Amino acid sequence: QTVNATAGSLFPKSNDSADACAQIFDAVREGRLVHPDHPDLNAAVSGAHKRLRDDRWVWDRRNSTADVSPLEAATIAHWAAQIDQPTREFWGAIG
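Residues numbered from 1 in each chain as written. Predicted model: local features only at pLDDT ≥ 70, side-chain atom pairs only at ≥ 80, totals over all residues. Heavy atoms only, no water.

Remarks on the pairing of strand β1 (residues 50-53)
Here is step 1: Sheet topology places β1 next to strand β2 (residues 56-59); four bridges connect them, and they run antiparallel. Directly across from Arg53, in β2, lies its bridge partner Arg56. (Pairing = 2+ DSSP bridges. Helix = DSSP H or I, 4+ residues; strand = E, 2+ residues; numbered from the N terminus.)

Shown next as structure tokens:
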């Protein structure tokens, strides 16, 4: 069975990354998103720094004091769950 969405359509572009960071930050702050106690994610959150991109921000890999890849993965997953188009088409095509 052929998947209609490209792999690239499932990953955030530059502006999407800033949207994704803002969305997960707001969701956590407002109590709409929590995670089980996970050491790698806890360390990523504790050591994460923000990098300004124009008038917005994204996670800063270079200046963070921990590996922020678990936080980036959670951020992208949360962002992908919020969008309608390519994700639903993608999962519908392989489901």
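A word on the packing of aromatic side chains
Here is step 1: In total, this model carries two aromatic pairs according to the counting rule given.
Here is step 2: Among the aromatic residues, ring-to-ring pairing joins Phe25, Trp57 and Trp59 into one connected group.
Here is step 3: For the cation-ring pair, Lys50 lies above Phe25, with the distance from its terminal atom to the ring centre recorded as 4.4 Å. (Phe/Tyr/Trp six-rings, centres within 6.5 Å; stacked < 30°, edge-to-face > 60°. Lys NZ or Arg CZ within 6 Å of the ring centre and 35° of its normal.)

Some details on the pattern of salt bridges
Here is step 1: Within the structure shown, the criterion is met by five salt bridges.
Here is step 2: Close ionic contact of Arg29 with Asp26 constitutes a salt bridge, the shortest N to O distance being 3.2 Å. Separated by three residues within a single helix, Arg29 and Asp26 lie in helix α1 (residues 14-29), roughly one turn from each other.
Here is step 3: Assessed through its relative accessible area of 55%, Arg29 is described here as exposed.
Here is step 4: Arg32 serves as the salt-bridge partner of Glu30, at 2.7 Å between the closest nitrogen and oxygen.
Here is step 5: Overlapping salt bridges bring together Asp26, Arg29, Glu30 and Arg32 as one network. (Salt bridge = Lys/Arg side-chain N within 4 Å of Asp/Glu carboxyl O. Buried < 20%, exposed > 50% of the residue type's maximum accessible area, 1.4 Å probe, protein only.)

What about the nonpolar core?
Here is step 1: Among the nonpolar cores identified, the biggest contains nine residues, and these are Ala18, Cys21, Ile24, Leu41, Ala44, Trp57, Val58, Trp59 and Leu71.
Here is step 2: Mapped by element, the contributors of at least two residues to this core are α1, α2 (39-47) and β2.
Here is step 3: Sequence-distant contacts of Leu71, defined by excluding residues within four places in its chain, comprise Leu41, Ala44, Val45, Ala48 and Trp59. (Core = buried A, V, L, I, M, F, W, Y, C linked by side-chain atoms within 4.5 Å. Contact = heavy atoms within 4.5 Å.)

Considering unusual backbone geometry
Here is step 1: Unlike most non-glycine residues, Asp54 shows phi in positive territory, near 60 degrees.
Here is step 2: Among the structural elements, Asp54 can be located in the loop between β1 and β2.
Here is step 3: A residue is classified by how much of its surface remains accessible, and Asp54, at 74% relative accessible area, is exposed.

Some points on the side chain of His78
Here is step 1: Tracing the sequence through the fold places His78 in helix α3 (residues 69-82).
Here is step 2: Given a relative accessible area of 14%, His78 falls into the buried group.
Here is step 3: Leave out the neighbours within four places in its chain, and His78 touches Gln23, Ile24, Ala27 and Leu33.

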